[in-house]
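Examining the three-dimensional arrangement
Take a look at the letters that make up each chain.
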Amino acid sequence: MRPPKSRLRVRSDEFRVAIVGLGYVGLSTAACLASKFHVTGVDLDQKKVKLIREGVVPFREEKLSPLLKKNVSNGMLSCTNSFDAISDADFIFIAVGTPSAKSGEIDLTQVRSAAQSIGEAFATSPKRPVVIIKSTVIPGTSKTIVPILEKYSGKACGEGFGVCSNPEFLREGQAVQDTLKPSRIVIGPVDEFSRQQILSFYRRFYGKQMPPVVDTSPETAEMIKYASNAFLATKISFINLVARLCEKIPGSDVNDVAKGMGLDPRIGPLFLQAGPGFGGSCFPKDVQALVRYAKTEGIDTSLLESTLAINETQPENVATQAEKMLGGLEGKSIAVLGLAFNPNTDDVRESRAIPLIRKLVDGGATVGAYDPMAMEGAKKELGSIITYSSDAKECVKGSDLVIIMTAWDEFRKLDSEDLTRLMGGKPRVLDARRIYSPEKFANADFSATGLGTPRV
Ligand code: NAD
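What you see is a predicted model, and the numbers here were worked out from it, not measured in a lab. (Residues numbered from 1 in each chain as written. Predicted model: local features only at pLDDT ≥ 70, side-chain atom pairs only at ≥ 80, totals over all residues. Heavy atoms only, no water.)

Moving on, we get to the domain arrangement of the chain. Looking at the chain, the domain boundaries give domain 1 (13-212) and domain 2 (228-448). With centres defined by C-alpha atoms, the gap from domain 1 to domain 2 works out at 34 Å. Counting residues at the interface gives 18 residues for domain 1 and 16 residues for domain 2. Summing both sides of the interface, domain 1 and domain 2 together bury roughly 1,400 Å²; the carbon and sulfur share of this comes to 49%. In this assembly, domain 1 and domain 2 are joined by 2 salt bridges. Residue Glu 105 pairs with Arg 292 through a salt bridge whose shortest N-O separation is 3.8 Å. Where domain 1 meets domain 2, there are 7 residue pairs in polar contact (both at pLDDT 80 or more). Considering only residue class, the side of domain 1 that touches domain 2 consists of 7 nonpolar, 6 polar and 5 charged. (Domains from an automatic or database assignment. Contact = heavy atoms within 4.5 Å. Buried area = accessible area lost by both parts, 1.4 Å probe. Salt bridge = Lys/Arg side-chain N within 4 Å of Asp/Glu carboxyl O. Polar contact = N/O pair within 3.5 Å; in protein donor to acceptor, adjacent residues only side chain to side chain. Nonpolar A, V, L, I, M, F, W, Y, C, P; charged D, E, K, R; others polar.)

Looking at the element boundaries, Leu 326 is found in helix 12 (residues 302-326). Since its relative accessible area comes to 7%, Leu 326 is described here as buried. Sequence separation between Leu 326 and Arg 428 is 102 residues; the distance between their C-alpha atoms is 8.5 Å. Leu 326 has contacts with Lys 332, Ile 334, Asp 400, Leu 401 and Arg 428, leaving out every residue within four places of it along the chain. (Helix = DSSP H or I, 4+ residues; strand = E, 2+ residues; numbered from the N terminus. Buried < 20%, exposed > 50% of the residue type's maximum accessible area, 1.4 Å probe, protein only.)

On to unusual backbone geometry. The phi dihedral of Phe 271 falls on the positive side, at around 60°, and the residue is not glycine. On the basis of relative accessibility, which here comes to 33%, the residue Phe 271 falls in the partly exposed class. Its identity as a non-glycine residue notwithstanding, Glu 350 has a phi of 60°, on the positive side. Along the polypeptide, Glu 350 turns up in the loop between strand 9 (333-337) and helix 13 (353-362).

The subject of this paragraph is the packing of helix 9 (residues 218-248) against helix 12. One way to put it is that helix 9 packs onto helix 12 with a least axis distance of 9 Å and a crossing angle of 55°. The angle between helix 9 and helix 12 places the two elements in the oblique class. Between helix 9 and helix 12 lies a crossing of left-handed hand. Of the residues in helix 12, those touching helix 9 at Ala 230, Ala 233, Thr 234, Ser 237, Asn 240, Leu 241 and Arg 244 are Leu 303, Leu 304, Thr 307, Ile 310, Asn 311, Thr 313, Gln 314 and Asn 317. Partitioning the contact of helix 9 with helix 12 into residue classes produces 6 nonpolar, 8 polar and 1 charged. (Axes fitted to C-alpha atoms, helices over the stretch in contact; angles between N-to-C directions. Parallel < 35°, antiparallel > 145°, perpendicular 65-115°, else oblique. Left-handed = near helix turned anticlockwise from the far one by under 90°.)

Ordered by their spatial adjacency, 8 strands build an open sheet running 3-2-1-4-5-6-7-8, and the pairing between neighbours is mixed. Two strands in the sheet have a free side with no partner beyond their single neighbour: strand 3 (77-80) and strand 8 (213-215). Each adjacent strand pair in this sheet contributes to an overall mean axis angle of 25°, direction not counted. Two strands pair when backbone bridges link them, and strand 7 (residues 185-189) and strand 8 are joined in this way by 3 bridges, in the parallel orientation. Considered in strand 8, the bridge of Ile 187 is made with Asp 215. (Pairing = 2+ DSSP bridges.)

In this section: the site of the ligand. If you check the shell around the ligand, you find 29 residues, and the closest are Asp 43, Lys 48, Thr 98, Glu 172 and Lys 285. A distance of 3.0 Å separates an oxygen atom of the ligand from a polar backbone atom of Tyr 24. Note that a nitrogen atom of the ligand is positioned 2.8 Å from one of the side-chain N or O atoms of Glu 172. Contact with the protein chains removes 89% of the 840 Å² of surface that the ligand exposes when unbound. Counting residues per element, the shell around the ligand draws most heavily on helix 5 (residues 109-122), at 3 residues. (Near = heavy atom within 4 Å. Areas by Shrake-Rupley, 256 points an atom, 1.4 Å probe, with all protein chains shown as cover.)

Printed below as a string of structure tokens:
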């Protein structure tokens with residue numbers, strides 16, 4: 001006699017999950033999913049795999065370390081260089097990098113290579129896996145990996161396996177919280193089997209906390225990711241443009257303009273903070289990739305090009321302001337506090353501090369820098385053109401000017417008495433992130449000008 005139907009079904013927490021690419025996105029996803037499912041992570045980088053096997057996160061990401069340690073030690077998360085280990089997976093997430101090619105367009109080499117290895121891996125598997133594209137890819141890409149998977153697995157999409165676009169929206173520095181409580185899940189299944197599978201997977205994972213789902217076509221899902229990043233980047237460049245205007249208007253302050261705008265529910269307060277511009281591994285490359293893609297479709301990209309152009313010149317604005325405050329850069333000693341593109345990460349990719357420092361050094365200044373997490377990454381970028389300090393106070397000591405480039409909480413604790421003592425005389429502070437209230441620095445030559453407010 002056949003057992004009742006329900007007993008034939010595999011319990012979904014017995015799903016086997018594979019994550020290909022263990023960078024910020026892949027490892028954060030793997031560690032979180034491993035609280036419920038068996039997860040196998042694959043990465044080509046042997047050093048990274050070795051560290052992860054020891055429970056060590058190869059980059060800095062708050063809250064990831066204890067989760068990784070727990071799920072590696074209890075056997076829920078394993079990690080390897082070999083794709084053989086994922087042949088029995090039910091869900092295979094692609095989370096490899098999608099960098100910019102020299103021309104600015106997206107480079108899909110890692111995605112295609114991962115798809116080939118995945119196809120080979122499940123060729124002889126009795127499973128019917130769903131391949132999920134988490135990497136940020138230009139609209140149409142998910143469908144273009146179907147022939148690669150078919151070729152190397154010898155199976156047909158929709159029958160032998162499924163494909164689904166499922167872009168990722170996590171923020172570095174908050175990757176665990178964002179994975180456990182995402183604002184939304186966007187899915188773009190290529191086939192009906194994938195739709196059912198991915199929905200049951202996420203329902204199982206999130207249970208009663210299931211976030212809102214946008215279930216759409218793969219192309220729309222891919223576009224949602226680009227449109228979101230391009231919009232947020234444009235919001236930042238927009239307020240930086242307003243900041244430039246405010247500098248010319250005596251009595252105006254961009255922070256109050258942003259506050260007044262942000263209270264309008266149609267606008268909202270987030271990403272309306274004037275500063276040295278956006279950086280990181282996503283906004284600059286994603287906006288560039290969208291521009292390149294739009295151009296191939298004959299679409300006018302001037303809005304997005306302005307977003308990029310304003311961003312590109314923001315570090316120059318900060319350098320010009322520093323020059324004004326010091327009466328020239330030559331021979332001056334400048335302390336730069338903050339090297340990471342955002343607080344709570346060690347990521348210096350496209351950090352605005354890097355071009356700023358190069359400009360200051362080119363102008364003849366001697367630069368010392370400090371960041372709570374990003375010293376190693378910055379050393380790789382800047383080498384010996386600057387000196388590196390072991391804490392903020394040491395960095396500031398004896399300098400002519402302090403520039404705040406990352407909004408770390410640690411820097412908020414510095415006050416004008418500290419600075420007067422460490423810098424001697426009347427301290428000069430250029431607050432490129434607007435983390436201080438100007439009143440706090442009444443005794444200093446304090447400025448956030450160049451960033452939308454008159455000098456105190
Ligand atoms: P990353 O560069 O930190 O990591 C990518 C990893 O993939 C690396 O460890 C690399 O060794 C590995 N890899 C490359 N080719 C491989 C292959 N063929 N097989 C196995 N492993 C391979 O990238 P990331 O920052 O985690 O971003 C991954 C994707 O997610 C990108 O498309 C990015 O745009 C997108 N994304 C990133 C963020 C973010 O905040 N970093 C947020 C949302 C989306």
